[in-house]
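Survey of secondary and tertiary structure
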Amino acid sequence: MQGNSRILVLSAESVYEQQAQLQVRGHIRKICSQYPDFGAAFKAFGSEKDNLTDHIGASVGKVLVEQGVPLRLVGVQVSNMKPDDSVVEAQVAQKAAAARTAAIKTLTDFLDQDPTGTRKMVYRMQVLQELTRTANANGHNTIFLTDIGGASAGILPLPSGR
């Protein structure tokens, strides 16, 4: 409103929002759903052939024509392409699990290379000592009874927690 006269201002943005935005989003989602995962879509983002940006540009132009929107498409560029946070978290968890599995394999391979079993015995004692140390840190007195060393073995030394 200016003074007593009413003036309606139309911007390209308001025309797009009112006449095409929902249809454009739907077409973009349809294009993106054709890729099996984010990695494939990201690869197509910059590829020479089957370019994601080109597909989206053609689809947006088609929507504008079909809807009779009085706008002309000048150019299209896909940007801010990133996977959902839950996808990233799942990928990080998978890599961490693979690293833990590899570490466990390395340790078990190392322990299995000792035909005398000394490495396994020492490792088990260290684990039990650490468990005891952790339990005692909370003010508890913990004693582990174990079969390490067989019937003639001595008592497992407990760390002094205080």
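In case you missed it, the structure is sitting above this.
Report follows, based on the coordinates. (Residues numbered from 1 in each chain as written. Predicted model: local features only at pLDDT ≥ 70, side-chain atom pairs only at ≥ 80, totals over all residues. Heavy atoms only, no water.)

Spanning 16 residues, helix α4 (residues 52–67) covers 22 Å between terminal C-alpha atoms, matching the ideal 22 Å at 1.5 Å per step. Residues of α4 that are buried: L52, T53, I56, G57, S59, V60, V63 and L64. Taken down its axis, α4 places every buried residue within 165° of arc, on the same side. Exposed side chains of α4 directed beyond 90 degrees from the buried face belong to D54, A58, V65 and E66. Of the surrounding elements, those touching the buried residues of α4 are α2 (21–33) and α3 (38–45). The backbone nitrogen of T53 has a side-chain oxygen 2.8 Å away, supplied by the residue at the start of α4, namely N51. Positioned one or two residues after α4, G68 has a phi angle of 70°, which is positive. (Helix = DSSP H or I, 4+ residues; strand = E, 2+ residues; numbered from the N terminus. Expected span 1.5 Å × (residues − 1). Buried < 20%, exposed > 50% of the residue type's maximum accessible area, 1.4 Å probe, protein only. Arc of directions from axis to C-beta. Contact = heavy atoms within 4.5 Å. Polar contact = N/O pair within 3.5 Å; in protein donor to acceptor, adjacent residues only side chain to side chain.)

Moving on: the packing of helix α1 (residues 12–19) against α2. Between two packed helices, the angle of one axis relative to the other and the distance separating the axes together describe the packing. One way to put it is that α1 packs onto α2 with a least axis distance of 4 Å and a crossing angle of 65°. Classified by the angle between their axes, α1 and α2 sit roughly perpendicular to one another. Where α1 approaches α2, its residues Y16, E17 and Q19 are matched on the opposing element by Q21, Q23 and V24. (Axes fitted to C-alpha atoms, helices over the stretch in contact; angles between N-to-C directions. Parallel < 35°, antiparallel > 145°, perpendicular 65-115°, else oblique.)

One finds A20, Y35, L52 and I56 to be the most contacted residues of the largest nonpolar core, which totals 14 residues. Going through the elements one at a time, α2, α3 and α4 are the ones with two or more residues in this core. Take this core: its biggest share by element is five residues, from α4. In this structure, A20 is in contact with V15, V63, L64 and V69, ignoring residues within four places of it in sequence. (Core = buried A, V, L, I, M, F, W, Y, C linked by side-chain atoms within 4.5 Å.)

Let us look at the packing of aromatic side chains. One pass over the structure, following the stated rule, counts one aromatic pair. On the numbers, 5.7 Å between centres and 25° between planes, the contact of F38 with F42 is stacked. Of this pair, F38 and F42 both sit in helix α3, separated by four residues, roughly a single helical turn. According to the relative accessible area criterion, F38 is partly exposed, its value standing at 30%. You can call F42 partly exposed: its relative accessible area is 42%. When the ring centre of F110 is taken as origin, the NZ or CZ atom of R119, which lies over that ring, is 4.0 Å away. (Phe/Tyr/Trp six-rings, centres within 6.5 Å; stacked < 30°, edge-to-face > 60°. Lys NZ or Arg CZ within 6 Å of the ring centre and 35° of its normal.)

The next subject is the pattern of salt bridges. For the structure shown, the criterion picks out four salt bridges. Residues E66 and K62 are paired through a salt bridge, measuring 4.0 Å at the closest nitrogen-oxygen approach. Here E66 and its partner K62 are both found in helix α4, four residues apart, which amounts to about one turn of the helix. A relative accessible area of 47% places K62 in the partly exposed class. (Salt bridge = Lys/Arg side-chain N within 4 Å of Asp/Glu carboxyl O.)

Right, let's talk about a nonpolar patch on the surface for a bit. A cluster of nonpolar residues, L107, F110, Y123, V127 and L131, forms a patch on the protein surface that exposes about 400 Å² of accessible area. In terms of residue count, the dominant contributor to the nonpolar patch is helix α6 (residues 118–137) (three residues). Judged by its relative accessible area of 30%, L107 falls in the partly exposed class. (Patch = residues over 30% accessible without salt bridge, like charges linked within 9 Å, V, L, I, M, F, W, Y side chains within 5 Å. Areas by Shrake-Rupley, 256 points an atom, 1.4 Å probe, with all protein chains shown as cover.)

Here we come to the side chain of N51. Along the chain, the position of N51 falls in the loop between α3 and α4. Judged by its relative accessible area of 13%, N51 is buried. Polar side-chain contacts of N51 include one of 2.8 Å to the backbone nitrogen of T53. N51 has contacts with A44, F45 and G46, leaving out every residue within four places of it along the chain.

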